[in-house]
Amino acid sequence: MRALTWQSAATVAVIDVPRPTLVHPTDAIVRVTSTAICGSDLHLYDALGPAMRNGDVLGHEFMGVVDEVGSEVTRLKVGDRVVVPFNISCGHCWMCDRGFYSQCETTQNTDQGTGASLFGYSTLYGEVPGGQAEFVRVPHADFGPVLVPEGFADERALYLSDILPTAWQGVTWADVPQDGSIAIVGAGPVGQLATRVARHQQRASRIIVVDLVDERLALAREWGAETIDLRQVDSVGDAVRDLTDGRGADSVLDAVGMEAHGNPVTAAMIAAVNHLPGPVGRPLLKHAGMDRTAALLSAVDAVRRSGTVSISGVYGGNRDVLPLFDMFDKGLTVRMGQCHVRQWTDELSNILFQDEDVLGVEKLATHHLGLSEAPAAYELFRSKQDGCIKVVLDPTR
Ligand code: NAD
Ligand code: ZN
Ligand code: ZN
């Protein structure tokens, strides 16, 4: 079968790989009908390159049709249409019992010191082959996959795999007071859905979105946000305070992560580490301070005292100096982490699977391409050219 594989820093290729087979009785094989490229794939593509191995199959946002089920998978049958959460959770361990699915103790990677395994997400998270492929083996299929009712286009359901629950968790954890304000830093796919979720949850009376790409700012305005163009302000914090009686936003969501624009020194360092061979680069990646923290710093600056910062953006590196004094002195609540996808999917299914596409998910993707065009699609999504906001790939093409 064909699959999109990581080859070297910023080089991916569609190649023929063996079609997956059932390994455990709790596995299923899913024939992928739609798969998306995520901002997290961009980290693996480049910044987290040392954690990747040549030939790793990428992709953690996918849905499709169940093709085979192991003997212990009773919830699914061949032919069912499912969307698959990006974290692989057993559904019955200590963490899963508490809803902390991204920390599942059955699939945790204790050798790496990381949480639950993730599809297509490097040696740090179990090196599980991902979904930018014709077929995927889905471990713990008796728990993870979410059934998609008949009568809906793929894209009504696809983002349940990741960005919609991530946006939902990010906004929920931002704990916006009733009629308060939320600033969303970053207007990529996660920031866009966070804007719509904040509107849907009806707590925030002000939604302020920060980015530096025209189409992304314009799309956020269409969904009711006020926008700040990073290119036109000296300080995001001052710009947010100007809009909020001088105090700052009640809640701020970082929807950018380590690809943040505005850290030239760390950007150069990431590029340098990326050219080291994997065994040399890998420890540096985990232990050196190499995050591009511009977005996080602006989130801490833009939040009001006693406000909440919620971080959906992914950060790597363990030696970055955070503005701890400001964070402590401002008495912030900070919540962050990978999304516990299944914690939110029942609630979100009720919102998604009704006649009206209330969150506009069917119109989020700007580019529909074949899997064979995935290498060009990665470049397009990374460079944000041609109005690219979200790419959905069709594995049959
Ligand atoms: P994206 O890269 O398309 O979006 C990032 C946006 O931030 C871009 O529009 C970019 O122009 C903007 N940006 C860059 N620097 C900025 C700055 N300094 N200030 C304001 N805006 C800035 O990616 P995405 O798919 O929307 O994902 C966003 C982040 O969320 C990524 O870090 C991704 O890894 C992460 N993510 C986390 C989870 C989770 O479970 N926590 C799940 C999905 C995605
Ligand atoms: Zn993702
Ligand atoms: Zn578990």
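Bear in mind that the values here come from a model prediction, so they are computed numbers and not experimental data.

Considering the coordination of the zinc ion (ligand 3)
Point 1. The protein atoms that coordinate the zinc ion (ligand 3) are C90 (SG), C93 (SG), C96 (SG) and C104 (SG), at distances spanning 2.3 to 2.4 Å.
Point 2. Taken together, the 4 donor atoms coordinating the zinc ion (ligand 3) span angles of 103 to 116° at the metal, a pattern that classifies the geometry as tetrahedral.
Point 3. One chain supplies every donor for the zinc ion (ligand 3), spaced along it as C-x2-C-x2-C-x7-C. Pair noted here: C90 is in the loop between strand 5 (81-84) and helix 2 (94-97) and C104 is in the loop between helix 2 and strand 6 (135-138), with a separation of 14 residues, a long-range link.
Point 4. Residue classification places C90 among the buried positions, given a relative accessible area of 6%.
Point 5. Note on C104: relative accessible area 0%, which makes it buried.

Description of the nonpolar core
Point 1. Of all hydrophobic cores here, the largest spans 78 residues; its most connected members are Y159 and I182.
Point 2. Ranked by the residues each element gives to this core, the list is headed by helix 4 (residues 163-174), at 7 residues.
Point 3. Ignoring anything within four residues of it in the chain, the contact list for Y159 reads A36, L164, P165, L193, V361, L364, A365, K390 and V392.
Point 4. Counting 20 residues, the second-largest nonpolar core is a separate cluster that includes A260, A299, A302 and L332.

Conventions we followed
- Residues numbered from 1 in each chain as written.
- Chains lettered and ligands numbered in written order.
- Predicted model: local features only at pLDDT ≥ 70, side-chain atom pairs only at ≥ 80, totals over all residues.
- Heavy atoms only, no water.
- Donors = N, O, S within 2.8 Å, 3.2 Å for Na, K, Ca; no water.
- Tetrahedral: all angles 85-135°; square planar, octahedral: opposite > 155°, others 65-115°.
- Helix = DSSP H or I, 4+ residues; strand = E, 2+ residues; numbered from the N terminus.
- Buried < 20%, exposed > 50% of the residue type's maximum accessible area, 1.4 Å probe, protein only.
- Core = buried A, V, L, I, M, F, W, Y, C linked by side-chain atoms within 4.5 Å.
- Contact = heavy atoms within 4.5 Å.

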